[in-house]
Amino acid sequence: MTELPTSTDRKMGLVIDLDTCVGCHACVISCKGWNTENYGAPLSDQNPYGADPSGTFLNRVHSYEVQPEKGHAQLIHFPKSCLHCEDAPCVTVCPTGASYKRVEDGIVLVNESNCIGCGLCAWSCPYGARELDLAEGVMKKCTLCVDRIYNENLPEEDRVPSCVRTCPAGARHFGDLGDPSSDVSKLVAERSGMDLMPEMGTKPVNKYLPPRPKDTVEEEIDILAPLLAPVAEEPKGFLGWLDKTLEKF
Amino acid sequence: MHPAPSVIIFTTLSGLGFGLLFFLGLGLPVVTGMVAFVFYAIAFGLAVGGLAASTFHLGHPERAWRAFTQWKTSWLSREGVCAVAALLVMGLYAIGAVFLGQNWSALGVLGSVLSLGTVFTTSMIYTQLKTIPRWNMKLTPAMFLSFALAGGALLAGQVSIALPLLAVAALVQLAYWKYGDDALAASGTNLGTATGLGDRGAVRAFEPPHTGSNYLLREFVHVVGRKHAQKLRVIAFGLGFALPLVLLLLPFESTMLKHTVAGLAVLAHLAGVAASRWLFFAQAEHVVGLYYGKR
Ligand code: SF4
Ligand code: SF4
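Residues numbered from 1 in each chain as written. Chains lettered and ligands numbered in written order. Predicted model: local features only at pLDDT ≥ 70, side-chain atom pairs only at ≥ 80, totals over all residues. Heavy atoms only, no water.

**A closer look at the overall build of chain A**
(1) Moving on: Looking only at helices and strands, chain A has seven helices and eleven strands in total.
(2) Moving on: Scaling as 2.2 N^0.38, a compact globule of 249 residues should have a C-alpha radius of gyration of about 18 Å, whereas chain A reaches 26 Å, well beyond that.
(3) Moving on: Considering only C-alpha atoms, chain A reaches an extent of 90 × 50 × 40 Å along its principal axes.
(4) Moving on: By residue count, 52% of the 249 residues in chain A fall in the buried class.
(5) Moving on: Sequence separation of 24 or more characterises 60% of the internal contacts of chain A that already satisfy a separation of 6 or more.
(6) Moving on: Working note: accessible area of chain A is about 12500 Å², and carbon and sulfur atoms make up 55% of it. (Helix = DSSP H or I, 4+ residues; strand = E, 2+ residues; numbered from the N terminus. Rg over C-alpha atoms; globule rule 2.2 N^0.38 Å. Buried < 20%, exposed > 50% of the residue type's maximum accessible area, 1.4 Å probe, protein only. Contact = heavy atoms within 4.5 Å. Areas by Shrake-Rupley, 256 points an atom, 1.4 Å probe, with all protein chains shown as cover.)

Okay, here's the thing in structure tokens:
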């Protein structure tokens, strides 16, 4: 049913630390690796070894440059996947009931055997979190690794989304954002976690931690600097004359 | 947005078809027998042909029946339900008119309402999308409805009704372009809000997440055709509204000439609306383009 639940028991989601992400794309690859062989249809590639390769991914890492009014520009790597919105427009627009939000944990999923591949849900998502798989003709999106997080066949430490497990920098955190005492909620409170495009009214569950402010250099603190003053002086005498003469030519 | 031919054909033809059904249902004109047959064949051909074209872009057309189930929340589902209801009711009304020489006017009025309702629900599929500010305006349903009504009146041969309706549709079109051009800026969404980094400085897309193309870029970021937009607007406006208005106002005596000119007016209008619909898609900016530093 594409009516959204009025509330969900838990709000499982990700917290992504923009201060820590190094832009290595490991989460992109591990996501594709896990999800192409587990929940639902595989994530197909078109023309993977040809001149114009493209394919379905559930997680992608952008990189942005922010130029503050004063100081140096900063490079920020920006992983983006489904934010499992509380007010998910992708669910309500779906004509078939294939898209739904789970009451028990708030995860937004697609029932692929009901999906007609009309694409309207992808049109309604502001974040580009849904991609229609060209080989399968159905909509693909992040499942929050619903087939890992409750999977008792996996060792305990693996029962988190694949991207979280993989991130070498520890920039991705997983937990219940509906529980104010959870680690992820505390992290969001501490670091002023933010919503993307709040004006869209989607109420994303996933939060982004903004980069910490960079240190600013107020005055000359390098005690060696005076010793490193340039030693090259203007040439005098014969060399000076040679220099001037040669410059004329 | 990618201007997919299937969607352009669908909205153009079915809009015109349901517009014609609206007037036929109201008894404008009252037709029976062979004349009625021709009118209804045209109307159903346009409406059903358009609906059929719309299934071409589905990944799984064989499951299309499922799209009737979520009318409580989904405008796409409501459109499906409304279209089938309109076609069934107008089908019955047409049987009465063609084979029994009857004019079941209550049924016709119901069919008219449902036909216009179908055009409205179609327009709401686009209007509801906050992600595409150019569509997320009250002028979008106004445009779809005024086009369907003007085209319907034209096809139904109701010259005195078609004249004011064409003028109204022309004005709605101009207003849509004017406000549409500012819609993205007015929405307040930009790369700053998209990344949440806007209050730290100017944000610039530095490196894209992938070197090749993908579904998102193909579907939502269509910049190629936009450079001809101004020329196409002139063509759309001239063919869609100006030329039909002039043709209808020409003082012809012979019925033969009148019919030819009315036929020409319909064709010009159809071509104009198709051009306008192409622009409707090609010029629409989806906010996901911002993440790629595009629009
Ligand atoms: S991020 Fe997009 S796909 Fe995910 S729940 Fe929100 S609107 Fe839907
Ligand atoms: S593509 Fe599938 S999941 Fe998305 S709106 Fe259409 S039917 Fe629903």
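Here the narrative resumes, following the displayed structure.
**Things to note about the domain arrangement of chain B**
Residues and elements named next belong to chain B.
(1) Moving on: When cut into domains, chain B gives domain 1 (1–128) and domain 2 (160–295).
(2) Moving on: One C-alpha centre belongs to domain 1, the other to domain 2, and the line joining them spans 23 Å.
(3) Moving on: Both faces combined, the contact of domain 1 with domain 2 buries some 1300 Å², and carbon together with sulfur accounts for 77% of it.
(4) Moving on: When the area that domain 1 buries against domain 2 is broken down by residue, the three leading residues are Met-1, Pro-3 and Thr-12, summing to 46%.
(5) Moving on: Here domain 1 and domain 2 share zero salt bridges between them.
(6) Moving on: Summed over the shared surface of domain 1 and domain 2, the result is four residue pairs in polar contact (both at pLDDT 80 or more).
(7) Moving on: Per element, the largest residue contribution to the side of domain 1 that touches domain 2 is seven residues, and it comes from helix H1 (residues 5–25). (Domains from an automatic or database assignment. Buried area = accessible area lost by both parts, 1.4 Å probe. Salt bridge = Lys/Arg side-chain N within 4 Å of Asp/Glu carboxyl O. Polar contact = N/O pair within 3.5 Å; in protein donor to acceptor, adjacent residues only side chain to side chain.)

**Brief notes about helix H5 (residues 139–155) of chain B**
All names here are of chain B.
(1) Moving on: Between its first and last C-alpha atoms H5 spans 24 Å; for 17 residues at 1.5 Å apiece the expected length is 24 Å, and the two agree.
(2) Moving on: When you tally the buried positions in H5, you get 14 out of 17 residues, the bulk of the element.
(3) Moving on: Immediately downstream of H5, the backbone of Gly-157 shows phi near 75°, a positive value. (Expected span 1.5 Å × (residues − 1).)

**Considerations on the interface of chain B and chain A**
(1) Moving on: Contacts between the two partners involve 57 residues from chain B, matched on the other side by 60 residues from chain A.
(2) Moving on: Here chain B meets chain A over a buried area of about 4700 Å², counting both sides, of which 59% is carbon and sulfur.
(3) Moving on: Scanning the region where chain B abuts chain A turns up two salt bridges.
(4) Moving on: For the pair chain B and chain A, the number of links is 26 residue pairs in polar contact (both at pLDDT 80 or more).
(5) Moving on: Taken together, the elements giving at least two residues each to the side of chain B that touches chain A come down to helix H3 (75–99), helix H4 (105–127), helix H7 (191–195), strand E1 (202–207), helix H8 (215–220) and helix H11 (288–291) of chain B.
(6) Moving on: The leading source of residues in the side of chain B that touches chain A is E1(B), at six residues.
(7) Moving on: For the side of chain B that touches chain A, the per-class residue count stands at 27 nonpolar, 21 polar and nine charged. (Nonpolar A, V, L, I, M, F, W, Y, C, P; charged D, E, K, R; others polar.)

**Considering a nonpolar patch on the surface**
All names here are of chain A.
(1) Moving on: The grouping of Phe-238, Leu-239, Trp-241, Leu-242, Leu-246 and Phe-249 at the surface amounts to a nonpolar patch, some 770 Å² of accessible area in total.
(2) Moving on: Relative to the helices and strands, Phe-249 is located in the segment after helix H7 (237–247).
(3) Moving on: On the basis of relative accessibility, which here comes to 82%, the residue Phe-249 falls in the exposed class. (Patch = residues over 30% accessible without salt bridge, like charges linked within 9 Å, V, L, I, M, F, W, Y side chains within 5 Å.)

**A short note on the site of ligand 1**
(1) Moving on: Near ligand 1 lie 13 residues; those nearest to it are A:Cys82, A:Leu83, A:Cys85, A:Cys90 and A:Cys125.
(2) Moving on: For the shell around ligand 1, the residue count by class is ten nonpolar, one polar and two charged. (Near = heavy atom within 4 Å.)

**A short note on the pattern of salt bridges**
Between side chains of opposite charge, pairing is possible as soon as their charged atoms come close.
(1) Moving on: As enumerated under the stated definition, the model contains 17 salt bridges over all chains in all.
(2) Moving on: Two residues, A:Lys203 and A:Asp87, come together in a salt bridge whose shortest N-O distance is 3.7 Å. You can see A:Lys203 sitting in the loop between helix H6 (183–190) and strand E11 (207–209) and its partner A:Asp87 sitting in the loop between strand E5 (74–81) and helix H2 (89–92), a full 116 residues away along the chain.
(3) Moving on: The exposure class of A:Asp87 is partly exposed, given its relative accessible area of 34%.
(4) Moving on: Across the pair A:Asp195 and A:Lys207 runs a salt bridge, and its minimum N-O distance is 2.7 Å. Taken as a pair, A:Asp195 in the loop between H6 and E11 and A:Lys207 in strand E11 lie far apart in primary sequence, twelve residues in all.
(5) Moving on: One continuous salt-bridge network, built from bridges that share partners, spans B:Arg134, B:Asp181, B:Arg233 and B:Glu285.

**Digging into the environment of B:Leu149**
All names here are of chain B.
(1) Moving on: Structurally, Leu-149 is set in helix H5.
(2) Moving on: Separated by 20 residues in sequence, Leu-149 and Ala-169 place their C-alpha atoms 8.5 Å apart.
(3) Moving on: Ignoring any residue separated from it by four or fewer positions in sequence, one finds Leu-149 in contact with Phe-22, Phe-23, Leu-116 and Leu-165.

**So, the site of ligand 2**
(1) Moving on: Around ligand 2, the surrounding shell consists of A:Cys94, A:Pro95, A:Thr96, A:Ala98, A:Ser99, A:Cys115, A:Ile116, A:Gly117, A:Cys118, A:Gly119, A:Cys121 and A:Met139.
(2) Moving on: Taken together, the residues of the shell around ligand 2 break down into eight nonpolar, four polar and no charged.

**As for H3(B)**
Residue and element names in this part refer to chain B.
(1) Moving on: Taking 1.5 Å of rise per residue, 25 residues should cover 36 Å, and H3 covers 35 Å from first to last C-alpha, within 8% of that figure.
(2) Moving on: The N-terminus of H3 is capped by Ser-74, whose side-chain oxygen sits 3.3 Å from the backbone nitrogen of Leu-76.
(3) Moving on: Downstream of H3 by one or two residues, Gly-101 has phi in the positive range, about 60°.

**Considerations on the packing of aromatic side chains**
Pairs of aromatic rings are described using the distance from one ring centre to the other and the angle between the two planes.
(1) Moving on: Taken as a whole, this structure holds 22 aromatic pairs over all chains when the rule is applied.
(2) Moving on: Taking 5.9 Å as the distance between ring centres and 40° as the angle between the ring planes, the aromatic pair formed by B:Tyr176 and B:Phe280 counts as tilted. Of this pair, B:Tyr176 sits in helix H6 (residues 159–187) while B:Phe280 sits in helix H10 (residues 255–282); the two residues are 104 residues apart in sequence, bridging distant segments of the chain.
(3) Moving on: Classification of B:Tyr176 as buried rests on a relative accessible area of 2%.
(4) Moving on: According to the relative accessible area criterion, B:Phe280 is buried, its value standing at 2%.
(5) Moving on: Counting every residue linked through ring pairs, the aromatic cluster contains A:Trp123, B:Tyr126, B:Trp135, B:Phe144, B:Tyr176, B:Phe280 and B:Phe281.
(6) Moving on: Here the basic side chain of A:Arg148 rests over the ring of A:Trp34, its NZ or CZ set 4.6 Å away from the ring centre.
(7) Moving on: Residue placement shows B:Lys178 over the ring face of B:Tyr179; its charged tip is 4.9 Å from the ring centre. (Phe/Tyr/Trp six-rings, centres within 6.5 Å; stacked < 30°, edge-to-face > 60°. Lys NZ or Arg CZ within 6 Å of the ring centre and 35° of its normal.)

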